[in-house]
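Coordinates in review
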Amino acid sequence: MEFNDLNLFIKLAETKNFTKTAIQNHMSPSTLSRQIQRMEEELGKTLFIRDNRQVNLTGYGERFLLFAKTEWQNWQQLKCQLNDESDELSGELKLFCSVTASYSHLPQVLKQFRQCYPKVEIQLTTGDPALALEFIQTQQADIALTGKPDNLPASVAFHKIDDIHLSFIAPRVACLATQLLQKKPINWQQMPFIFPVEGHARQRIEQWLRAKHIKHPKIYATVAGHEGIVPMVGLGFGLAMLPDEVINNSPMCDQISRLNLDVPIEPFELGICTQKRNLALPLISAFWAMLE
């Protein structure tokens, strides 16, 4: 089994689609299928369950994926050390952050690193910030820009770069939410809310509701990530609590209003995280040294 076979396996596990993976790697789906079959024959185990639409990892496939990611990363780092005669770092560094963080905080973090190590290839994935820790622990990302978890795993290193403040926002258009806000006292129990599926913003709004003794809020919708929530508030679907960076950078920020609250909202820490064991790797060690 060759290292390139491991990379193909990793890519297929990510896309779950033979045709897409084959195109990305400049080969035919049948060629890719034969290479995966050879891997399965060599291991003596079935790695994928195939159907007409997609493929899914078996239990053995999940275990092999962790091995493949570790060995592929080690191979990339070793090539970097052996082949770079100038001792200038090169290779691939996989980053994960939210869409908003990609332009609110990531540029200032990457600018200095890029100047010092121009040969390093940055692979950026954006998504729901609540998934950042999972991406780190499953090795889908080397480094993630995310809020500090309330219970940081012992295996994860975290470097703070900022405090993130949140605001409670309401629509400006006439709707049920604005009608309820005009009545005093405000009936928060009947107010429609839009929640993130998970993450720090959800934790903060749940804390605020508990402080207001609201046990069963009326949740109009839950949304993965943060960026899609501001438009829903602006259109009048309900209220939400979000990081100020998300609100300020939204194209619909002029369609919402910030509410003055009697119970303050606790900010959370934003930072860079990685697995502690990865700090021994040259690329991640250099990135971490730049932060400190």
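Structure first, text after, so check above.
Below you will find a few notes about this structure. Computed from a prediction, not measured in an experiment: that's the story for all the values here. (Residues numbered from 1 in each chain as written. Predicted model: local features only at pLDDT ≥ 70, side-chain atom pairs only at ≥ 80, totals over all residues. Heavy atoms only, no water.)

There is about 490 Å³ of room inside the largest pocket. Lining the largest pocket are 30 residues, with P129, A130, T146, G147 and H200 positioned closest to its centre. Elements with a minimum of two residues in the lining of the largest pocket: α5 (99-104), α7 (132-137), β5 (143-147), α9 (200-211), α11 (244-248) and β12 (268-275). Per element, the largest residue contribution to the lining of the largest pocket is 4 residues, and it comes from α7. In terms of residue class, the lining of the largest pocket is built from 14 nonpolar, 11 polar and 5 charged. If you trace the second largest pocket, you find 20 residues lining it, with K11, E14, E92, K94 and Q123 closest to the centre. With 5 residues, the single largest contributor to the lining of the second largest pocket is helix α4 (residues 59-83). Of the residues assigned to the lining of the second largest pocket, the class counts are 6 nonpolar, 8 polar and 6 charged. (1 Å grid on protein atoms, 1.4 Å probe; cavity = no way out; pocket = protein on both sides within 12 Å on 5 of 7 lines; lining within 4 Å. Points joined across faces, edges and corners; volume = space filled by probe spheres on them. Helix = DSSP H or I, 4+ residues; strand = E, 2+ residues; numbered from the N terminus. Nonpolar A, V, L, I, M, F, W, Y, C, P; charged D, E, K, R; others polar.)

The next thing to look at is unusual backbone geometry. Here the bond from K184 into P185 is cis, since omega is -5°, no more than 30 degrees from zero. In this fold, P185 is placed in the loop between α8 (176-182) and β8 (192-196). Phi angles above zero are rare outside glycine, and K16 is one such case at about 55°. Among the secondary structure elements, K16 is positioned in the loop between α1 (3-15) and α2 (18-24). Overall, the relative accessible area of 35% leaves K16 in the partly exposed class. Located in the positive-phi region is H213, a residue other than glycine, with phi close to 60°. Relative to the elements of secondary structure, H213 occurs in the loop between α9 and β9 (218-223). (Buried < 20%, exposed > 50% of the residue type's maximum accessible area, 1.4 Å probe, protein only.)

With that settled, the discussion passes to the sheet that holds strand β10 (residues 240-243). Within a sheet, neighbouring strands are paired by backbone hydrogen bonds and run either parallel or antiparallel to one another. Taken in spatial order, the 3 strands make up an open sheet running β10-β7-β11, and their pairing is antiparallel. Unpaired on one side and paired on the other, β10 and β11 (256-258) mark the two borders of the sheet. On average, each strand axis in the sheet is tilted by 45° relative to the strand beside it, whichever way the strands run. Here strand β7 (residues 166-171) pairs with β10 via 4 bridges, running antiparallel. Each residue of the ladder has a partner; that of S167, found in β10, is L242. (Pairing = 2+ DSSP bridges. Axes fitted to C-alpha atoms, helices over the stretch in contact; angles between N-to-C directions.)

All right, on to empty space enclosed by the protein then. Regions of empty space are outlined by a rolling probe, equal in size to a water molecule, passed over the atoms. What the rule picks out here adds up to 1 cavity of 30 Å³ or more. When its volume is computed, the largest cavity comes out at roughly 40 Å³. What lines the largest cavity is simply L95, F96, C97, L106, L124, I143, A144, L145, I272 and F287. Secondary structure elements with two or more residues in the lining of the largest cavity: β3 (91-97) and β5.

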